[in-house]
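Letter by letter, the chains look like this.
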Amino acid sequence: MDVIERGLADTRASRVFPRETMTAALQALLGRGKTDGGAAPATAGERPVVWALTARDTVLEIVRTIAETDAAAGAHLAERFDQAGKQLAIAAHGRPGRLAFTYETAQAVPPYTLAFEIVTWQKAGDVIAILAVVADADTPIGFEAPIVW
C-alpha cells in the first residue's frame with residue numbers, strides 16, 4: 001500500500017503528468033518518437049487523466065525491462081498501459097481501493113492493477129489521477145509476475 005500512498009503524495013504535490021505526456025514517454029522509450037503526435041487530449045465527455053510520478057516511473061520501468069528481452073511484448077504492454085489511461089478518461093470504474101477514496105481496476109493490463117482516484121482541481125474540474133501500478137496480490141511492482149495477454 002505504500003506505493004499507492006506515494007502516488008497520493010505525488011498527486012497532492014502536483015507531481016503528475018498528463019496522459020499525452022505519458023504516451024509520448026512510452027513512445028520515446030520504445031524508440032518511436034512522437035510518430036502519431038501523442039495521445040489526443042480529452043474530448044467532450046472525457047475527464048482528463050494524469051499519471052502520478054510514482055505510477056509513471058513504474059510503468060516506464062516495467063516496459064523498459066520487458067522490451068529489453070522482447071521488443072514486441074514491450075510495445076504491446078506500452079500500448080495496453082496507454083489504452084488503460086484512455087479508458088479511464090472515458091469511463092472511470094473499478095472496485096473500491098485499498099485506501100479510502102481510491103479505486104482499482106484490474107482488467108486494464110493483467111496482471112497489473114491500476115490504483116486511481118478522482119480528484120477535483122480548481123481549474124480542471126474532475127481529473128482521474130492514476131496513483132500507482134501494482135502487481136497481483138498487493139505486491140509492489142517487481143518483474144516476477146508473468147505477463148498475460
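Predicted model only: the values in this text are computed from it and were never measured. (Residues numbered from 1 in each chain as written. Predicted model: local features only at pLDDT ≥ 70, side-chain atom pairs only at ≥ 80, totals over all residues. Heavy atoms only, no water.)

(A) Fine view of the overall build of the protein chain. Each helix and strand counted, the protein chain has 4 helices and 7 strands in total. Of the regular secondary structure in the protein chain, the N- to C-terminal order runs α-β-α-β-α-α-β-β-β-β-β. In the protein chain, which comprises 149 residues, the share counted as buried stands at 42%. In the protein chain, the share of contacts with a sequence separation of at least 24, taken over all contacts with a separation of at least 6, comes to 61%. Summed over its atoms, the accessible surface of the protein chain is roughly 7,400 Å², and 56% of this surface lies on carbon and sulfur atoms. (Helix = DSSP H or I, 4+ residues; strand = E, 2+ residues; numbered from the N terminus. Buried < 20%, exposed > 50% of the residue type's maximum accessible area, 1.4 Å probe, protein only. Contact = heavy atoms within 4.5 Å. Areas by Shrake-Rupley, 256 points an atom, 1.4 Å probe, with all protein chains shown as cover.)

(B) Molecular detail of the pattern of salt bridges. Tallied over the full model, the rule gives 8 salt bridges. We note a salt bridge from Glu61 to Arg64, for which the minimum N-O separation is 3.0 Å. Here Glu61 pairs with Arg64, and both are found in helix H3 (residues 53–69), just 3 residues apart, close to one helical turn. Of the residues examined, Glu61 reaches a relative accessible area of 35% and is grouped as partly exposed. On the basis of relative accessibility, which here comes to 35%, the residue Arg64 falls in the partly exposed class. (Salt bridge = Lys/Arg side-chain N within 4 Å of Asp/Glu carboxyl O.)

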